[in-house]
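Listed here are the chains, written in short residue letters.
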Amino acid sequence: MDKSFLIPEIIRLKQEKNAVILAHYYQNEEIQEIADFIGDSLELSKKAQNTNADIIVFAGVHFMAETAKILNPDKKVILPDLNAGCSLADGCDPKDFKIFKEKYPDHVVVTYINCSAEIKAMSDLVCTSSNAKKIINSIPSDKEIIFAPDKNLGNYLQKQTQRELVLWDGSCVVHEAFSMEKLIEIYNKNPTAKIAAHPESESHILKAAHYIGSTSGIINFIKTDPAAVYIVATEAGILHELSKAVPDKTLIPAPSTEDNSCACSECAFMKVNTLEKLYWCLKNESPEIIVNESLRMEALKPIQRMLELS
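Residues numbered from 1 in each chain as written. Predicted model: local features only at pLDDT ≥ 70, side-chain atom pairs only at ≥ 80, totals over all residues. Heavy atoms only, no water.

## So, the overall build of the protein chain
Stage number 1. Along its length, the protein chain carries 15 helices and 12 strands.
Stage number 2. Taking 2.2 N^0.38 as the reference for a compact globule, 310 residues should give roughly 19 Å; the C-alpha atoms of the protein chain span a radius of gyration of 19 Å, in line with that estimate.
Stage number 3. With the model as given, the accessible surface of the protein chain reaches about 13,600 Å², and the carbon-plus-sulfur share is 49%.
Stage number 4. Where the 33 positive side-chain charges of the protein chain centre and where its 43 negative ones centre are 4 Å apart. (Helix = DSSP H or I, 4+ residues; strand = E, 2+ residues; numbered from the N terminus. Rg over C-alpha atoms; globule rule 2.2 N^0.38 Å. Areas by Shrake-Rupley, 256 points an atom, 1.4 Å probe, with all protein chains shown as cover. Lys, Arg positive; Asp, Glu negative; His and termini not counted. Charge placed at Lys NZ, Arg CZ, Asp CG, Glu CD.)

## Remarks on the pattern of salt bridges
Stage number 1. With the rule as written, the count across this model stands at 16 salt bridges.
Stage number 2. Between Glu 9 and Arg 12 there is a salt bridge, and its shortest N-O distance comes to 2.9 Å. With a gap of three residues between them, Glu 9 and Arg 12 both fall in helix α1 (residues 3-16), about one helical turn apart.
Stage number 3. You can call Arg 12 partly exposed: its relative accessible area is 37%.
Stage number 4. Each of Glu 9, Arg 12 and Glu 16 takes part in a single network of salt bridges with overlapping partners. (Salt bridge = Lys/Arg side-chain N within 4 Å of Asp/Glu carboxyl O. Buried < 20%, exposed > 50% of the residue type's maximum accessible area, 1.4 Å probe, protein only.)

## Here's the deal with α1
Stage number 1. If you check α1, its first and last C-alpha atoms are 20 Å apart, about what 14 residues at 1.5 Å a residue would give, namely 20 Å.
Stage number 2. Buried within α1 are the following residues: Leu 6, Glu 9, Ile 10, Leu 13 and Lys 14. The arc that holds the buried residues of α1, viewed along the axis, is 135 degrees, so those residues lie on one side. Exposed and facing more than 90 degrees away from the buried side of α1 are Ser 4, Gln 15 and Glu 16.
Stage number 3. Structurally, α1 contributes buried residues whose contacts are with β1 (19-24), α2 (29-34) and α14 (275-284).
Stage number 4. Looking one or two residues past α1, Asn 18 carries a phi angle of roughly 50 degrees, positive in sign. (Expected span 1.5 Å × (residues − 1). Arc of directions from axis to C-beta. Contact = heavy atoms within 4.5 Å.)

## Details of the packing of helix α12 (residues 215-224) against helix α13 (residues 238-245)
Stage number 1. Contact geometry for α12 and α13: axes closest at 10 Å, N-to-C directions at 25 degrees. Considered as vectors, α12 and α13 are oriented roughly parallel to each other. Read as a crossing pair, α12 and α13 show a hand that is right-handed. From α12, Thr 215, Ile 218, Ile 219, Ile 222 and Lys 223 reach across to α13, where they touch Ile 238, Leu 242 and Ala 245.
Stage number 2. Counted by class, the contact of α12 with α13 contains six nonpolar, one polar and one charged residues. (Axes fitted to C-alpha atoms, helices over the stretch in contact; angles between N-to-C directions. Parallel < 35°, antiparallel > 145°, perpendicular 65-115°, else oblique. Left-handed = near helix turned anticlockwise from the far one by under 90°. Nonpolar A, V, L, I, M, F, W, Y, C, P; charged D, E, K, R; others polar.)

## Observations regarding the UniProt feature "binding site: iminosuccinate" (unreviewed entry) in the protein chain
Stage number 1. UniProt's feature table lists "binding site: iminosuccinate" (unreviewed entry) at His 24, Ser 41, Tyr 112, Ile 113, Asn 114, Ser 129, His 198, Pro 199, Glu 200 and Thr 215, given in the numbering used throughout. Of the residues annotated just before, the largest pocket has His 24, Ser 41, Tyr 112, Ile 113, Asn 114, Ser 129, His 198, Glu 200 and Thr 215 among its lining.
Stage number 2. In this fold, Ile 113 is placed in the loop between β5 (108-112) and α7 (117-121).
Stage number 3. Discounting residues that sit within four places of it in the chain, Ile 113 has contacts with Ser 41, Leu 42, Phe 63, Thr 67, Lys 120, Val 126, Cys 127 and Thr 128.
Stage number 4. Tracing the backbone shows His 198 in the loop between β9 (194-197) and α11 (203-208).
Stage number 5. Residue His 198 is classed as buried on the basis of its relative accessible area of 2%.
Stage number 6. Among residues more than four places away in sequence, those in contact with His 198 are Tyr 26, Tyr 112, Ser 129, His 175, Leu 206, Gly 213, Ser 214, Thr 215, Ile 218, Ala 233 and Thr 234. (UniProt positions renumbered as here; feature names shortened; annotations may be inferred. 1 Å grid on protein atoms, 1.4 Å probe; cavity = no way out; pocket = protein on both sides within 12 Å on 5 of 7 lines; lining within 4 Å.)

## A short note on the layout of surface pockets
Over the atoms rolls a probe the size of a water molecule, and its path tells where empty space is left.
Stage number 1. Considered as a void within the structure, the largest pocket measures approximately 460 Å³ in volume.
Stage number 2. What lines the largest pocket is a set of 34 residues, among which His 24, Asp 40, Ser 41, Tyr 112 and Asn 114 lie closest to the centre.
Stage number 3. For the lining of the largest pocket, the secondary-structure elements that each account for two or more residues are α3 (41-49), α4 (62-71) and α5 (87-90).
Stage number 4. Of all the elements, α3 adds the most residues to the lining of the largest pocket, at four residues.
Stage number 5. When grouped by side-chain class, the residues that make up the lining of the largest pocket number 15 nonpolar, 14 polar and five charged. (Points joined across faces, edges and corners; volume = space filled by probe spheres on them.)

The following block contains the structure:
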């Protein structure tokens, strides 16, 4: 379908159905352009809570739409494509995690927001990449901690907090795809550049970074830092909105080990959503995200604890 038809139709349907479109920074540019709010997953769910919309169209991945539903039970939450999954969330199966958790019965369970509602329901606290350090530091030092599902973020937090964490062996395919060799090559060509990396990246990438932070953190750093050139080690979709905010700065996506079309690291799951799918999703009000009420209440508790702490 042609964009000249899709864009006005999406806008019309949105107004007609009192819907709000939330898009993650990693979405396709055309989806970011039509969204009411662009942000990281938690930021978007909080935005949804503060809207009077009847329908939330979450242009992101499944766990994000699920989190929006957990926080907004009275709103209809729809996702353009149910196949928009996440390697990190999908790599932490609730049955396996239950067995893992039972080995450490006295540990406090902290999970990264990039997980399913079932995993959140088994947690004491949920965190995001921006508040993870604060959440870990809020736990008394005599308490031992399980951290899941991201081992790279877990390793980073161990160094930052000086706490021993029992880590689930999970990772994000996007943030493990950066090539150190190619990164050094680009840096040697741009010696004044600063490297900004997401803490889901592997430790050798983080060691090379001048700044480590969440998606929003990276954006704020680049907006306020005086350097002229940045190499950005997170999903390349972040560059669309960021380039508009800092038109005078040069932004280079950190290179991927794969020789793909953009020579950068892209999330195939995020890119499953398209403008056409967004249109059909809004028109048909489906696929809808349904979370069983008892599960929703259990998953909500650790999220609320996080919101109170942060």
